[in-house]
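Chain by chain, the residues:
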Amino acid sequence: MTVTKQNNRLLSIDLARGLAVFFMIAVHTLEVFANQEVKNSVFGQIIEFLGGPPAAPVFMTLMGFSFIYSTKSKLKPKLFRGFKIFLTGYLLNILRGVIPFSISSYLNMDIAKAFPIGKLNEWTILTIVDILQFAGIALMIMAVIQAFKINKYLIVLSAFLISMISPFLWGIKIDIPIIDQVLELFWGDQPIEFSFIANKIAFPVFPWLTFPLLGMFLGETFKNSIDSLRTFTYFGIAGIVVILIGGAISYNNLTYHFNDYYHSRQGAMVLMCGFVLLWLHVTKLIIDTVPENSFFDLLFTWSKGVTNIYFVQWIIIIWSIAFFEINSSSFTTTTLLIFTFAAVSHYSNELIIYFKKDS
């Protein structure tokens with residue numbers, strides 16, 4: 001058994017999360033800056049895939065996995081942490097969205113002329129539901145689940161049911177503005193279809209809660225296992241089976257099941273859950289077979305600073321639109337931007353860590 005634990009962190013989990021950080025930066029850069037030719041190329045399709053199942057679903061599953069190992073034992077601090085992350089999502093909306101949108105509109109910049117004003121304004125941008133809002137809600141839900149000591153099999157059953165029923169909930173409103181605003185967080189569906197903003201509700205709780213709940217189940221399973229290598233092997237085998245089931249469900253109507261990425265329907269959700277399981281097995285194999293190296297160390301650092309990096313990379317990317325037009329960059333420019341944004345995000349995270357140590 002070669003898994004190394006440092007401060008209750010599994011290196012294979014950190015590897016998966018660190019890779020997801022890079023895939024996230026890459027796909028965001030591609031969606032904002034790459035021209036259509038680059039997006040349609042093999043390079044673009046690979047980046048789109050890496051920014052799909054190996055990114056957000058992995059993030060959310062590992063959040064649930066890591067939650068099981070949280071050192072905080074009381075409900076209140078866990079709820080507070082979730083609420084703080086939830087509010088951070090709106091701060092990000094202001095810094096990466098409302099402010100640059102207002103400035104570009106006021107100055108009548110060329111980018112402002114491309115905005116679909118009927119669907120996009122300051123209020124819409126402020127209330128975008130992104131991964132931080134969802135993560136905050138998910139953390140609070142997981143805290144309650146843990147407080148009530150709900151059986152892990154009920155948790156994974158809930159994950160499955162959520163993935164099945166979610167499409168029937170999307171877009172439900174009761175025409176009371178304040179309540180509908182809250183309901184948007186859980187099952188909103190408001191397509192915008194402007195460049196990199198496909199849907200105002202990018203991460204509704206239904207179906208995305210599926211992944212953290214799956215992570216809780218996997219975390220509990222691993223925590224109580226005797227042989228970690230065998231457990232991750234079981235994850236891999238289960239992943240292949242679940243991928244086949246998801247593929248079979250989706251086969252006759254791919255358009256329906258894959259819908260838009262943020263509102264994936266039953267077959268796509270099952271398939272992505274299977275991929276996450278298999279991916280965890282793959283990263284475990286990599287950790288066990290590849291000698292420790294500086295690239296791994298970098299990924300481990302990114303894993304620990306994922307929230308900081310997510311926050312920073314979006315601000316850098318969006319404010320860079322002033323210098324690089326939306327969806328106009330060549331392959332070379334897009335590639336350079338990916339690595340530039342990754343480097344700036346990394347060093348920004350290092351600065352944040354440095355100042356936190358001194359405070």
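Parameters at a glance
- Every chain's residues receive numbers from 1 upward, in the order its sequence appears when written.
- With the structure being a predicted model, the display of local features is reserved for residues of pLDDT at least 70 and the display and counting of side-chain atom pairs for 80 or more, all residues being used for whole-chain, interface and lining totals.
- Excluded from the side-chain calculations are hydrogens and water; all other atoms, namely the structure's heavy atoms, are used.
- What pLDDT conveys is the predictor's confidence in a given residue, as a value from 0 to 100.
- Any pair of residues with heavy atoms lying within 4.5 Å of one another is described as a contacting pair.
- Under the scheme used here, helices are H or I runs from DSSP no shorter than 4 residues and strands are E runs no shorter than 2 residues, and both carry numbers assigned from the N terminus.
- Whenever two N or O atoms come within 3.5 Å, that pair is a polar contact, provided that in protein one can donate a hydrogen and the other can accept it, and provided that, for residues adjacent in sequence, both atoms are side-chain atoms.
- An expected span of 1.5 Å times one less than the residue number is assigned to each helix.
- Remark: exposure states derive from per-residue accessible area (1.4 Å probe, protein chains only) relative to the maximum for the residue type, with buried under 20%, exposed over 50%, and partly exposed in between.

Now for the confidence of the model for the chain. Per-residue confidence for the chain gives a mean pLDDT of 93; residues scoring 70 or more make up 97%. Every residue in residues 1-8 scores below 50 in pLDDT, and together they form 15 contacts with partners more than four places removed in sequence or on other chains.

Inspection of the secondary structure assignment puts W314 in helix α17 (residues 306-319). Spatially, the C-alpha atoms of W314 and A112 are 19 Å apart, while their sequence positions differ by 202 residues. Filtering out sequence-adjacent residues up to four positions away, W314 remains in contact with H28, V32, L92, R96, D130 and F196. Within polar-contact distance, the side chain of W314 engages the side chain of Y310 at 3.1 Å.

Side chains three or four residues apart in an α-helix point the same way, a direct result of the helix having 3.6 residues per turn. Over its 14 residues, α17 runs 20 Å from end to end, which matches the ideal 20 Å to within 8%, given 1.5 Å per residue. Across the 14 residues that make up α17, a large majority, eleven, are buried. Those residues of α17 not exposed but buried are V306, N308, I309, Y310, F311, V312, Q313, W314, I316, I317 and I318.

That bond from F206 to P207 is cis: its omega, 25°, falls within 30 degrees of zero. With respect to the secondary-structure elements, P207 resides in helix α11 (residues 205-208). Positive phi, close to 45°, is recorded for S195, a residue that is not glycine. Assignment of secondary structure puts S195 in the loop between β3 (191-194) and β4 (197-199). Exposure remark for S195: the relative accessible area of 30% places this residue in the partly exposed category.

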